[in-house]
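Architecture and fold: a report
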Amino acid sequence: MSTQFCYQPLSTSSSIRLLRIGKFVSTLQYDLIEINLENNPVYDALSYTWHLGKQSSTRSGVDSEFGGSINCNGMKLDVTANLRDGLLRLEQFRQETLIWIDAICINQQDLQERSAQVNMMGRIFRSARTVVVWLGEPPGDYEDTIRFMERLPCIKEQQSESVSDYEDAAVATLHEMTPPAYRGDWLSIGEFFCQTWFQRCWIIQETVLASTIEVYSGPIRIPWGLLQNAARLLDVVRRRIFYFKSWRSGSATIFGSIPMILLAREHCHRGKLWQLETHLALSRTYQVTDQRDKIFALLGISDRSSLESPVVELSAFNVDYTKSVEQVYTECSAQLVEGRAGYSVLSMVEARSYPPPRPIPSWVPDFSVPPSPPPLAIRGQCPFSAGVFTSPLPTRPTISPNRKELYLPAATRLGRISRTSETGEEICSLERMTHFFRLLADPALRLAKSATPAVEALWRTLIADLAEEQHPAPARLGTSFDQWIAYLVVRALDTASRASAHAADHFPDGESPPEPALTSDAVRDFIATADHNMGLQSAPPEYRHSDVHAAVVDFIAAWDGVMPLRELLDATRVAVAAGDKAPLEATHRFVGAFSWMCSARRVFSTEEGDIGIAHQGARVGDEVVVVPGAAVPFVVREVEGGAYALIGEAFVHGAMDGEALEGKDPLALEGLRLV
């Protein structure tokens, strides 16, 4: 087997290759044959990962691009280590089988064939008898994990009236498990779902379209239904029971995305495909080897009508590996904007530095990176209508011939940003809060723009009125917010010492000002400890004790008549002194919603007194605009020659349901040029 395998061109546009596994064991000798899909052949399709992560292993102990070779039609064909291990297992349980494997059945070096075959992958997986999932050789002993999955209660999501009902039922049932589920049990399931296969973007298409799925981890076959149930319950646990803070980032996004795949699969089998922009919004956390596949991998399971324009004829958008990553992202975004998707693609723009690391226009999302922050949406659907407009617009958005500029024919300015807070991540970590309290203490804030009480308007704004996959957010979060803000006030004054230590390297010569008199008994009693007075020698000016104290006192003065703040502070002091954790646990619901929504966002206020949340890249001087036809407001920044860079979407209190455009003449609105 010295001759290297050489691919022959496929005969027809509907032809594919299939690998024939014979009646033998561990010989790695196969036949590769050509068949025509028009003849309805019976075959399986393999879903696997080309490259394994650090937590995975291979039988050969090698994890490189080519870990070995197989005999294909009497010739040598190099394959990755994980695929070679998978083939050895397939020989044991899939004998006398025709199977489609992308790395073998597609000539990856022929870009034209590769493009054509990837365009057909939706049909290939939809037509397969069974999709065989190869997770790889298990990195550890998962037998106890599988047994725990088998003990989990099965709660059918479609039997619940809402996601919240399902989660409430799941939490209640899990608490009644006998024997109970322990922290280590959920950790083991989390580790199981951290395997590389669950992080691949291609698995979305491969599992959504499959009629039957068989899952193998080493020699063990795992029922697909078992994994479905465990993934749904794990998602509930990470969001509602708060076992592990680390699950709110990193791998947590994968845990939360698996139920989305299951939902898309259910819709597909009922004959309904999600729009491409919905899949793009939900798949940003998944990984690919070729960054163009962040879009190409989703075309086969998407309703492409959003790429079509009701007014002008647009060229078809198909897989084309001769184009660069930047070309693919820009052309897809441009076609979505010009098509029926409209401005929804602009909401996918992530927080980025300027100039951006990838040379793409500011209005084009960089699909190669995770969404940060997450879009203002529920399961990919935005519930807002900030740009609703009853009158027809005179023109539609247009893209410049070089695909660099997007011209919006109309936009209305809500105002210029005058204040910004720390990011939600900094606030939740209790390290940085001064700007947050200063902003909320500003008497110019206009929170009474509607019949909604000011306190409710505030907490709904801080979470974009989205929580527990509901809009409006459940009213019970109000009580959780009250308790959270009380803890935040109490901890804010104690945080000066933490900030001092954190910034010591940057402010080595800073000096702490004299301690001011404390006007709040609750706060005075809480912070009058030796620990609080440590490390106050070098803090950034805005985070030294005097500034923190002044901002908090101003906040108390501004809000104490609006909410029972002093009573809450007194109760918090008592709870802290008594070691009572119940009030702290009551904050979890709001903290979970706020940290998810605002970890990479800032609270801002405008010169006109509006308050909202926007990408962490937003800064003083940026403008907030509402575009007719767009679901949410946007933050933009003037760059040069009257052009603007898109910073990202925003939530603005009192402007999410068309209020900004009421009574406006579309012909009187100015256009906006994004670059």
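Residues numbered from 1 in each chain as written. Predicted model: local features only at pLDDT ≥ 70, side-chain atom pairs only at ≥ 80, totals over all residues. Heavy atoms only, no water.

**Re the packing of aromatic side chains**
Going through the model one piece at a time under the given rule, you end up with 21 aromatic pairs. Three or more aromatic residues joined by ring pairs form one cluster here, namely Phe436, Phe437, Phe481, Trp484, Phe555, Trp559, Phe590 and Phe594. Arg114 extends its terminal NZ or CZ atom over the ring of Tyr321, reaching a point 3.8 Å from the ring centre. (Phe/Tyr/Trp six-rings, centres within 6.5 Å; stacked < 30°, edge-to-face > 60°. Lys NZ or Arg CZ within 6 Å of the ring centre and 35° of its normal.)

**A closer look at the sheet that holds strand S2 (residues 29–36)**
Overall, mixed pairing links the nine strands, which are arranged S5-S4-S2-S1-S6-S3-S7-S8-S9 in an open sheet. At either margin of the open sheet sits one strand with a lone partner, and together these are strand S5 (75–79) and strand S9 (220–222). Going across the sheet, the axis of each strand differs from the next one's by a mean of 40 degrees, ignoring polarity. Across three bridges, strand S8 (residues 213–217) lies against S9 in antiparallel orientation. Each residue of the ladder has a partner; that of Ser217, found in S9, is Ile220. (Pairing = 2+ DSSP bridges. Helix = DSSP H or I, 4+ residues; strand = E, 2+ residues; numbered from the N terminus. Axes fitted to C-alpha atoms, helices over the stretch in contact; angles between N-to-C directions.)

**With respect to the pattern of salt bridges**
Under the definition given, this model contains 34 salt bridges. Arg123 is the salt-bridge partner of Glu38, the closest N and O atoms lying 3.0 Å from each other. Of this pair, Glu38 sits in the loop between S2 and strand S3 (44–47) while Arg123 sits in helix H4 (residues 121–127); the two residues are 85 residues apart in sequence, bridging distant segments of the chain. By relative accessible area, which is 32% here, Arg123 ends up partly exposed. The residue Glu266 makes a salt bridge to Arg232 at a minimum N-O spacing of 2.6 Å. Linking Glu266 in helix H10 (residues 252–269) with Arg232 in helix H9 (residues 224–241), this pair joins segments that are 34 residues apart in sequence. On the basis of relative accessible area, Arg232 is assigned to the buried category, the value being 10%. What you see here is one network of salt bridges that share partners, running through Asp44, Arg94, Arg129, Glu214 and Arg221. (Salt bridge = Lys/Arg side-chain N within 4 Å of Asp/Glu carboxyl O. Buried < 20%, exposed > 50% of the residue type's maximum accessible area, 1.4 Å probe, protein only.)

**Re the confidence of the model for the chain**
Averaged over all residues, the pLDDT of the chain is 85; the fraction at 70 or higher stands at 84%. Across residues 54–64 the pLDDT falls below 50, and counting only partners more than four positions away or on other chains, this stretch makes 31 contacts in the model. In this model residues 499–539 is a low-confidence stretch, pLDDT under 50, and it forms 67 contacts with partners more than four residues away in sequence or in other chains. (pLDDT = per-residue confidence, 0-100. Contact = heavy atoms within 4.5 Å.)

**Some details on the packing of helix H19 (residues 545–559) against helix H20 (residues 565–578)**
At a closest axis distance of 9 Å, the pairing of H19 and H20 adopts a crossing angle of 125 degrees. Looking at the two axes, H19 sits oblique to H20. Residues Phe555, Ile556 and Trp559 of H19 pack against Leu565, Arg566 and Leu569 of H20. Taken together, the residues that form the contact of H19 with H20 break down as five nonpolar, no polar and one charged. (Parallel < 35°, antiparallel > 145°, perpendicular 65-115°, else oblique. Nonpolar A, V, L, I, M, F, W, Y, C, P; charged D, E, K, R; others polar.)

**Side note on helix H1 (residues 81–93)**
Because an α-helix packs 3.6 residues into every turn, residues spaced three or four apart end up facing the same way. Spanning 13 residues, H1 covers 19 Å between terminal C-alpha atoms, matching the ideal 18 Å at 1.5 Å per step. Where burial is concerned, most of H1 is hidden: ten out of the 13 residues are buried. Of all the positions in H1, only Ala81, Asn82, Leu83, Asp85, Gly86, Leu87, Leu88, Arg89, Leu90 and Glu91 are classed as buried. (Expected span 1.5 Å × (residues − 1).)

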